[in-house]
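If you want the building blocks of each chain, they are given just below.
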Amino acid sequence: MPAKIIQTNATPFTRVKVDPITLDIVENALRNARAEMDAVLFRTAMSPGIREQHDAFPMIANQEGKMVVGQFGSFLYGFMQGYQGTIEDGDIFLTNDPYSCGGAVSHLNDWLLMMPIFHDGRLVSWSAMFGHMTDVGGKVPGSLPTDAKMIYEEGLIIPPSKIYKNGQLNEELFNILLANTRMPEWNKSDFLAIIASLRLAERRVRENIQRFGVDTYISAMHDMLDRNKVAMGAIIKLFIPEGKDKASQFHDWIDDDGQGNGPFKIACTLWREGDVAIFDFNGSDPQSLSSINFLLNEEMFKMFFGAFTINLFDPQILFNDGFYDLVDVRIPAGCILKPKKPAALSCRTHMLGRIFDLMGGLLGQGAPDALNAAGFSDSPHFMYSGFDKEGKWFQLFQIGFGGVPGRPVGDGPDGHSMWPAFTNVPNEFLEAYFPLRIRTYATIPDSGGAGLHRGGNGINIAYEMLEAGEISIHDDRWLTYPWGVNGGEPGLRSTKTLVRKNGSTENIPSKCDRVQVQPGDILHFNTWGGGGWGDPLKRPVEKVLADVERGLVTVAGARRYGVVTDGTTVDQRATDKLRAEMDARRGKTALFDRGFENLRELKARAKKETGFDAPKDPQFFGQRIAAE
Amino acid sequence: MSKTEDLIRTYEARLAEIEARLARVETAAVPGQYAGTTVAPRVRSLRPTGGLRLGVDVGGTFTDLILLDAANGKVWSAKVPSTPQDSSIGVLNGIEKICREAGIKPSEISEVMHGTTVATNTVLTGSGARVGLVTTKGYRDTLQIARSYVPGGLGGWVIWNKSLPLARLEDTIEADERIDSKGKVLVGLDEAALRKDLKKLRDRGIEALTISLFNGYVSDIHEARVAKIAAEVMPDIPVSTSHAVMPEMYEYERTETTVVNSYVRPVVAKYVANLQRELKAKMGDVNLQILRSDGGLSSAQAAMDQPVNLLMSGPAGGVSGALWIAKNAGFKNLLTFDMGGTSTDVALIENGTARTRRETRVADVTVRAPSIDVRTVGAGGGSIAYVPDLTKALRVGPKSAGAVPGPAAYDRGGDVATVTDANVVLGYLPSDAKLGGDMTIRRDLAVRAVQKIADALGKSLEDAAEGIVAIVNENMCGALRLVSVEQGYDPRDFALIGFGGAGPLHGNALSKLINSWPSIVPPGPGVLCAYGDATTRLRNEASKTFVTTTANTSDREVGGMLRDLADRASGDLEDEGVPRSEQETMYQIDIRYQGQGMKLTIDVTPDEFNRGGIAGIAHSFDREHEQLFTFALDAAHELVGLRAVVQGQEKPFIGRDYGQGGQDSSAAVMHATRVYADGKWHDANIYDRSKLKSGNRIHGPAIVTEMDATALILPGHVGIVDKVGNILIWPEGHEKAR
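Residues numbered from 1 in each chain as written. Chains lettered and ligands numbered in written order. Predicted model: local features only at pLDDT ≥ 70, side-chain atom pairs only at ≥ 80, totals over all residues.

1. Description of the overall build of chain B
The cut-off we apply is this: Put simply, DSSP marks the helices as runs of H or I at least four residues long and the strands as runs of E at least two long, and each gets a number from the N terminus on. Exposed residues have 12 or fewer other C-beta atoms within 10 Å of their own C-beta, buried residues have 20 or more, and residues in between are partly exposed; the C-beta atoms are placed from the backbone. By the criterion used throughout, residues are in contact when their C-beta atoms, derived from the backbone, lie within 7 Å.
Helix and strand counts for chain B stand at 19 helices and 36 strands. For chain B, with 738 residues in total, the buried portion stands at 59%. Pairs at least 24 residues apart make up 70% of the contacts formed inside chain B by residues separated by at least 6 positions.

Set out below in structure tokens:
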């Protein structure tokens, strides 16, 4: 039974014709309101995750719960269908349970707050935001245990609950939440910062209603959704061929589950039937026994698709839920993208990021000119915690950055983010507030794949630990490569090395928990580069030389472009010769260059290349499936 | 003409992006024990104040001058064409003209105050110096990686190309050295290796050098040493160190700021030195001062050394001018709205003071230098209207027709509809309006351009034009919100002042949108910046980084430090000719909840501090935090910085005499016209501003023209000329429109 909405005013809204200019004004006003929500949040939050890295996402929806402005699509409709209780003026709902909101948030760290906005006794809109809390309890600091087998190990689960009722904070519930985190001060401040943002949206919505009248406001939101639907409908028709016989297919992998098994495949098939684009994830691997499962919210996936394509056509189109009927996302239950409760989810970040690569490969096949290479499709985590010499608890959660891929528009930026709004944490900040010394923060030469447009380089961060403690890491792409396209080569994989104070070195796996560290130990965290785009032999020689002079490509690395240089000048004759030889040797270039023939071949060379044994083929509840 | 029209040709259009960066502009100062001290650049006057002051604003079209006689409070103004090849020619022409009108000799002028856009232009046109950069070993890529931020939201990376850093990577070297976050040296400087690398840099042909070492905000021990070696290796190359330019935490922001300083330095230094030389030749021993982005004044020398502080010098002049007008007209709270051809600057003045922020942005360059909190939106008279096929929505901007070809109505080859064309179609900008100079307005061309939009929308010509104006007003309304509502202010408590070439055309409509009354049209909306330049008060400040929780310090300790700072700032101002008896002192305390990245600045008088102490500061902070963000915390309070600001007294100046007239304004009517508003045509009159007298009432709809601007009074509104010549527009029947 859906939630009961308590309205004191039973008058239905009247759909009125909205002048197109008024419509544009409402659209701008809501867009501004969303920007204001961000501004308030970032200024008042305390955790570096939200404050510096901006791991939080606001939105405003219409009274039916359809997102009108925002980024990740609306989960509100699903919430309203599933919530067993009333929705009243003065309520604010809190949940972090992926399984009770269809994956709107995908791990327990994300606290999702939803506020119905009432006007004159009627529900007129929703504002909502989720933000990543540094810690929500569970077995490890940061609440993201790699080795979790059930979600119960990952922290306190909050089913959708009224954290505010009648405008009053439910302090007893809130105290329970704070009592179950290692960082109560941060959570409290971040929580209040989100509330402040939601209230600001509420004020803006009410101002709009005062200005235009409630029927015009409600109708304008409908029109905004409709307008988006028309625009996206045109794009879908233009972009996706009709008929299952013209379907395109693509797949990619997550390397391992942190338990020695992998890789895990995600696969998708895309075709169009009439107006509707169909994404079918049949062929993806079943869910994992470990924590790399990703509960993919269908609405969120539609938003990824919309964002990807809209940026290529009219970036001024407002993202909203309007086009959702035009996309049909089919994910088989029990697969790694739709695991069944209580599967663990905390390490889902890689699968979430890999969706970008998957989508790029899928959509780009029909239009190779618009095809991007694989990039830094992840937000790997570094966690460091312990008690300092004065007995004070410290706990850091940090996201890594890497190479944006080579794209039709140009080279991929080095060491950047592919997530909206994310920024890195300044190293001076880290040194001032944590027992850390950052020895190096630099791009890794040659880590970006060679191409006509070079893939962005990954980053080398050298963390020197100043206190004894524990580090945990979630990373990926240590085995498979960020692929290149249209003749471009793959980028370099990720690596991590721990240099102990006594000089010994340890190869650190991509996913690990609670590695003990001592003062003076240095962790080299090397992220991966983006794949290259287009034929590297056609990259202008002066661009290759400039990259060499800038230290982004080495003298040896320039040979991947067929360029012979000593670092200051180019030997043009030798270059011409080398390019001709390489061109003859390689033959015709493929659309995708994954850097390996098949998984068996890749695994066979894993130990030699990475220092780690190849992961075992995953066992899916006793049912052995070939890893290919 | 607003200076921004000439300056800001590129900008980030989306407010979302502006705001997404807010988090990073806030200062997070040094934790721990370290306390550094910085003193604002000193202003040294060569003559006692009290002589003749000249304010000069150089715009793209006109150079405006204002002459103030502090002895008798008189004011003169002059306007001459600008000379873009060498602006000093225009300035000297103007000086000659204004001196002739005032009946004085140029040598009688003791001070020239100048707001300049040369630093901004250098960034916008990419015409700065080739900058070499020295970083700490391991941090060569600081500018390349930046903050890893990709603009444009979800999927924005697909189309975003990053511009090259202003100091190129091939011109960046690493110094082998390291200090920690407390300033302790961990690795000594390898001087031999550095010397070798510096020589290489020199031979590569760099024109300016930036030294920005890791943790350099805590201690300049290594930066100073590197600078000394650089002076030996490359004596002719100007060197900027991050510790001197911006001793604040965050390596990327500090490095970027210092590099920008180096980037604009040779151009600014040449400009200022040249102007100073020309002025001295003509006027003798005159004291040239440059307006800083934060509205303060800088000596010519300080301007040449730290030009990064001048990036907003132009807009700061406008806000200062608005302040001066507001004071004379008796308004303490106002929103300023400076609309030019390609962009619009807005700012908020509360209780007679403009809000400042610790960040300056020009195009995609963001530096940590204090500036008046001016928000720029990419919407102006030249913004282009279009209708994308896909959505059939009406969009205005961010593309602009610029000066060339300009709006269609200007008959310079433009054929796409702009905001100006919409104003022409609606009759707001009549064909006989003067645009300053010989520009004419052709309504037929505007009609042709706007008709295309009307056809695409399926609307009438007039409704399409009104739509274009409504959309652009909405964009600007968003910017006004950012400086008001978002900061916790209610725009209904503020008046709005519109200036710049297009400000007075849109001011009335904006006041209506955000309910800020009256809508003020100042006399000579185009010369407002020069007023601001001339009327800026002498000011000095001394500050200190002091990071500690309030529990760990005492009123005595903090009070003692504040008194020392005040004493030092005050002594410097005394040296500049302002006796202590004429000085006003204010304390500013930067404070936050421990753990937060931002901070708020609490202003208190010395008396208030003596009464309330730190507890009073913390209480004010809680209140302001609650006002801004709807909540306060019970977390510990952390002091971040202390500052004493000392200012000279304000001098009253008397404006032109506007004569007392009755309510009847018909004597100023030039002729009848028609304007389109609210979906229909209205009969209206065009007024000649120079013939209006105080007390006159102009009932809308009406157009008021003067030399360089045209004002629109909407139907249902009335403009009342006040005693200092402003037109105050109110809704007809408003209780204050007596």
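What follows picks up the thread again.
2. Side note on the interface of chain A and chain B
Here is the rule: Gly falls in the polar group here, along with every residue not listed as nonpolar (Ala, Val, Leu, Ile, Met, Phe, Trp, Tyr, Cys, Pro) or charged (Asp, Glu, Lys, Arg).
Of the residues lining the interface, 71 residues belong to chain A; the matching set on chain B comes to 65 residues. Those elements that place two or more of their residues in the side of chain A that touches chain B are α1 (20–44), α5 (184–212), α6 (214–239), α7 (298–310), α9 (427–433) and β16 (436–443) of chain A. Sort the elements by how many residues they give to the side of chain A that touches chain B and α1 of chain A lands first, with 16 residues. Of the residues assigned to the side of chain A that touches chain B, the class counts are 33 nonpolar, 19 polar and 19 charged.

3. Describing the domain arrangement of chain A
Residue and element names in this part refer to chain A. Rules: Source of the domain bounds: an automatic or database domain assignment.
Domain parsing of chain A yields domain 1 (4–231), domain 2 (372–535) and domain 3 (536–588). The C-alpha centroid of domain 3 is placed 27 Å from the C-alpha centroid of domain 2. Tallied by class, residues from the side of domain 2 that touches domain 3 come to three nonpolar, six polar and five charged.

4. Digging into the domain arrangement of chain B
Structurally, chain B comprises domain 1 (126–261), domain 2 (383–474) and domain 3 (538–648). Just the C-alpha atoms count here: the centres of domain 1 of chain B and domain 3 of chain B sit 32 Å apart.

5. Some thoughts on the nonpolar core
Note on soluble globular proteins: their nonpolar side chains tend to be buried together. The criterion, for reference: When buried Ala, Val, Leu, Ile, Met, Phe, Trp, Tyr and Cys residues are joined through C-beta atoms within 7 Å, the set is termed a nonpolar core.
Of all hydrophobic cores here, the largest spans 367 residues; its most connected members are L113 of chain A together with I468 of chain B. In contact with L113 of chain A, other than residues within four places in its own chain, are I92, L94, A128, M129, I194, I195 and L198 of chain A.

6. Thoughts on the sheet that holds strand β12 (residues 287–291) of chain B
Residues and elements named next belong to chain B. Under the convention used in this document: When DSSP finds at least two bridges between two strands, those strands are taken to pair. Think of each axis as a best-fit line through the C-alpha atoms, taken over the contacting stretch in the case of a helix, with angles from 0 to 180 degrees between the N-to-C directions.
The strand order across the open sheet built from six strands is β4-β3-β2-β5-β12-β13, with neighbouring strands paired in mixed fashion. Sheet topology places β4 (74–81) and β13 (297–299) at the edges, where each strand pairs with a single neighbour. Across this sheet, the average inter-strand angle for adjacent strands is 25°, counted without regard to direction. Of the strand pairs in this sheet, β12 and β13 are connected by three bridges, and their pairing is antiparallel. Paired with Q289 across the two strands is S299, which belongs to β13. The strands touched by helix α4 (residues 87–102) within the sheet are β2 (52–58), β3 (62–69) and β4, with β4 carrying the most contacts at an inclination of about 140°.

7. Examining unusual backbone geometry
Excluding glycine, a negative phi dihedral is what most residues carry, and trans is how most peptide bonds are arranged. Here the residue pair K341 of chain A and P342 of chain A is connected by a cis peptide bond, since its omega of 10° sits within 30 degrees of zero. As for its position among the elements, P342 of chain A is in the loop between β13 (327–330) and α8 (349–364). Cis peptide bonds are those with omega within 30 degrees of zero, and the linkage from G700 of chain B to P701 of chain B qualifies with 0°. For P701 of chain B, the position within the fold is in the loop between β32 (697–699) and β33 (702–706).

8. Topic: the environment of I372 of chain B
Residues and elements named next belong to chain B. Along the polypeptide, I372 turns up in strand β20 (residues 371–372). Considered as a pair, I372 and A146 are 226 residues apart in the sequence and their alpha carbons are 25 Å apart. Sequence-distant contacts of I372, that is, excluding residues within four places in its chain, are made with S293, D294, G295, M312, P315, A316, V319, A347, A354 and T356.

9. Focus: the packing of helix α12 (residues 313–329) of chain B against helix α17 (residues 528–535) of chain B
Residues and elements named next belong to chain B. Cut-off, in case you're wondering: For classification purposes, an angle smaller than 35 degrees is called roughly parallel, one larger than 145 roughly antiparallel, one from 65 to 115 roughly perpendicular, and anything else oblique.
Where α12 meets α17, the closest approach of the two axes is 6 Å, and the angle between their N-to-C directions is 80°. With respect to α17, the axis of α12 lies roughly perpendicular. Listed contacts from α17 to G314, G317, G318, V319, S320, G321, A322, W324 and I325 of α12 are L528, C529, Y531, G532, D533 and T535. Per-class residue counts for the contact of α12 with α17 are seven nonpolar, seven polar and one charged.

10. Describing the sheet that holds strand β11 (residues 239–241) of chain B
Residue and element names in this part refer to chain B. The sheet built from four strands is open, its strands ordered β7-β6-β10-β11 with parallel pairing. For this open sheet the edge positions go to β7 (172–175) and β11, each flanked by a neighbour on one side alone. Geometrically, the sheet is characterised by an average inter-axis angle of 20° between neighbouring strands, direction not taken into account. As judged from the three bridges shared by strand β10 (residues 208–211) and β11, these two strands associate in the parallel manner. Following the sheet pairing, I211 is matched in β11 by T241. Contacts from helix α8 (residues 221–233) reach β6 (131–136), β7, β10 and β11 within the one sheet, and its direction differs from that of β11 by about 175°. Across the sheet, helix α10 (residues 251–283) lies against β6, β10 and β11, angled at about 165° from β10, the strand it touches most.

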